Structure formats: C-alpha cells, structure tokens
Amino acid sequence: MKLPCITMLATLLLTVPAAAQLQITPPATTPSAPPEKQKARPPAPAKKKEAAPAPKPSASPKPSPSSKPTPTPTVIPAPPSDNSGADLVYGAYQRGQYKTAFDLATARAQTGDAKAMTMLGELYSNAMGIRRDYAKAAEWYKRAADAGDREAMFALAMLRISGRGGSLDKGEAVKLMASAAKLGEPKAAYNLALLYLDGQTLPQDVRRSAELLRQAADAGLPEAQYALATFYKEGTGVPKDPERAVRLLQAASLADNVDAEVEYAIAMFNGTGTPKNQPAAVALLRKASRQGSAIAQNRLAWVLINGVGTPVDKIEGFKWHLVAKTAGKGDLELDKQLSDLPAEDRAKVEAAAKKWLGSK
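Criteria and cut-off values
Residues numbered from 1 in each chain as written. Predicted model: local features only at pLDDT ≥ 70, side-chain atom pairs only at ≥ 80, totals over all residues. Heavy atoms only, no water. Phe/Tyr/Trp six-rings, centres within 6.5 Å; stacked < 30°, edge-to-face > 60°. Helix = DSSP H or I, 4+ residues; strand = E, 2+ residues; numbered from the N terminus. Buried < 20%, exposed > 50% of the residue type's maximum accessible area, 1.4 Å probe, protein only. Lys NZ or Arg CZ within 6 Å of the ring centre and 35° of its normal. Polar contact = N/O pair within 3.5 Å; in protein donor to acceptor, adjacent residues only side chain to side chain. Expected span 1.5 Å × (residues − 1). Arc of directions from axis to C-beta. Axes fitted to C-alpha atoms, helices over the stretch in contact; angles between N-to-C directions. Parallel < 35°, antiparallel > 145°, perpendicular 65-115°, else oblique. Left-handed = near helix turned anticlockwise from the far one by under 90°. Contact = heavy atoms within 4.5 Å.

Participant: Is there a simple way to explain the packing of aromatic side chains in this structure?
Facilitator: Two descriptors summarise a pair of aromatic rings, namely the distance from one centre to the other and the angle between the planes of the rings. Inspection of every chain in the model, using the stated rule, returns three aromatic pairs. An angle of 65° between the planes, with centres 5.0 Å apart, marks the rings of Trp-320 and Trp-356 as edge-to-face. One end of the pair, Trp-320, is in helix α15 (residues 314–326); the other, Trp-356, is in helix α17 (residues 343–358), with 36 residues separating them in the sequence. Take Trp-356: its relative accessible area is 19%, and that puts it in the buried class. Here the basic side chain of Arg-164 rests over the ring of Tyr-134, its NZ or CZ set 5.8 Å away from the ring centre.

Participant: Could you clarify how one ought to interpret the side chain of Asp-113 in this entry?
Facilitator: Looking at the element boundaries, Asp-113 is found in the loop between α3 (98–109) and α4 (114–126). Within the local environment of Asp-113, its side chain forms a polar contact with the backbone nitrogen of Ala-116, the two atoms lying 3.1 Å apart.

Participant: What am I meant to see in α3 here?
Facilitator: Given 3.6 residues to a turn, an α-helix orients residues that are three or four positions apart in the same direction. In a regular helix each residue adds 1.5 Å, so 12 residues correspond to 16 Å; α3 covers 16 Å between its end C-alpha atoms and thus fits that length. Residues of α3 that are buried: Ala-101, Phe-102, Ala-105 and Ala-109. Buried residues in α3, looked at end-on, bunch into an arc of 100°, giving them a common side.

Participant: I tried to follow the packing of helix α12 (residues 258–270) against helix α13 (residues 278–290) on my own but got confused; where do I start?
Facilitator: Remark: α12 packs on α13, axes separated minimally by 8 Å, with the N-to-C direction vectors making an angle of 160°. By the criterion of interaxial angle, the relationship of α12 to α13 is roughly antiparallel. α12 and α13 meet at a crossing whose hand is left-handed. Only Gln-278, Ala-280, Ala-281, Val-282, Leu-284, Leu-285, Lys-287 and Ala-288 of α13 make contact with α12, whose side of the interface consists of Val-258, Glu-261, Val-262, Tyr-264, Ala-265, Met-268 and Phe-269.

Next comes the structure, spelled out in structure tokens:
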C-alpha cells in the first residue's frame, strides 16, 4: 500500500525541543470564586506536493524526510478560568514579562496549580526569564502531568522522545501522548498519528493514524488538517475524497499553513475537488511565494511567464524562477527560456531576483 510521505513532519515535531511546539495562551477571564471555594482550573499553555498547475503538469509532491519546514505555531483556545492569580501569570507571559511570570507561577505552583507548573516547565524549556534547564522543565511538566494537565503530558512526551531533561524513553512518551490525546490535546493526537503512520515506534496503523489526524484537524490544528487532506487525496486509511481533501486544505490555508496554501492553490487552478478559479489560485501562489515556498515560486513563475490565469509578466516570472532556483527548485526548461531573453531583460530579471533575495 502506498503511504503519503508525512513522516518528515514527525521528524520535525519529534526531534525539535518540546518548547518549540508549545505556546501559552491566556485563560478566558471570568469572575473569581470566593477563596474558600476557589479551585485552580487549568488554563492551557498553548503555545509538500507537487501537482502542477497548467501549463506544467507534474506528479503530486511528497515531502522528503530531510526537509525541515517551520510550521506555524498552533494556538489552542484555553478553557475558562476562575483563577485571577492565573490570569496575572498569563498576563505577564503575554506581555513578555517572563521574569514576572516566573515569579508569579512559582508562587501559584506551590498551591498545587497545575497550569502554573506547566508554565514553569515552559519557561525553563524556552529560557524565558530564567536559564534554560530541561531537567527542571521535565520536573515541572511531570508534576503538572501527574495532576492531569494534558498540555504538560504532551510537553513531557516531547522531552522524553528527544531525550532532553532525562533519558530517552519512547515508551513513556507514547503513553503520555496517548493520555494527552484522550484528554483532547490536538498536538498530542497529531504526533501520535504520525507515529502510527511511521510504523517504527508504534506498529503501523493507517486507520488509527487517520482517526487521530481527524481529531486534531477537528480541533483546528493546521498541520493535522494538511496531513489529513493528503490522506483523503490519496485514500490512505480513509476513502479517497478529493472534495473533502480540498476543504481541509482550505481550512489549513486560512491558518497560514504554507504547504496547504500551495496545494489549495493548485487544486483551484486545475479545478480538482473545487470549482476552477485561476485568478484566486494565482493570488494564493503569490502569497505562498512571498512566504518562501519554492514550489509556489516555481508554479508562479510558470503562470506569469505563460500568462495563464494572469497577465503575462516575464520579468516577474523569471524573477521567481531564479528565487526558487536558489532554494533548490531548479527548472531546466525555464533556464532555457531565460537564456533566450534579450540581454536587457535578463539583466532586469537578475536585478529583481537579487533585490528580493537581498531583502530576506
């Protein structure tokens, strides 16, 4: 059975520091309960491929295990809080007052506040307001995880699977991820899905992988929406469904997932699973190109040079060709067409490419 190459996302999320996958979000503010009835309720630390548009068809891209895209940080809405002390901690964190957040969280943690413990783990893991110390981060994450905090479970799993802050322990990492996923943590469900897809740490199970991706996608995680779209596009663990794949790509694209933007643009350009809309596709290719996608830059170059879905603009088109080439997305046919341009136009193209690359 042919599997989609999503494993490079697993490599990314399971080898970088756990802190890189977390983003703290503030709790929703509600009136504080009377002191004698007040409970610390955890606010949440929140924290390619290539189907070518005409005129240049090509096979669907498969992300390579060696590629290292930077996913957009995922903000998971926090549950309501009845804890004004926690609000102060997260308020300081949001304002970048990490030392204050550390001091406040330390005091809160002494009262048994699991979210304050998770915050301390986050601060130690990211060297925010305090020197980085993975061992102390793991200690605080463990205390919060034992108290039932799902984000702490996920963060500790990421440390365990990378061997930071203690010995490498994939077995414990999997158990922590499974517990966090069961409690509704989308990042844990997503990473667990990738482990089931990869088939190394866990037995390969594409159906289970698809279920977990759906859970994370339904929670709004763009990376999961993109990966699940690939499953529906190729019929992996789910029935093939191009229209559903496109809806997922659209959702991930709206969350600024660049890979999804490229795929969605190509689907709109070709009318695959969605009505054809070449002007909108070109606009999205422009956006993804400005965000650094070499695939988008190559496709944008083709449509601009050939005037498909947009007016012909060879200077701009060949500029994007040269920019994509510097990112490893060379194109021999466009190289030949560029060499056929008048010397004056080639000079304009090269100047435009240098200007773009120099501003990066």
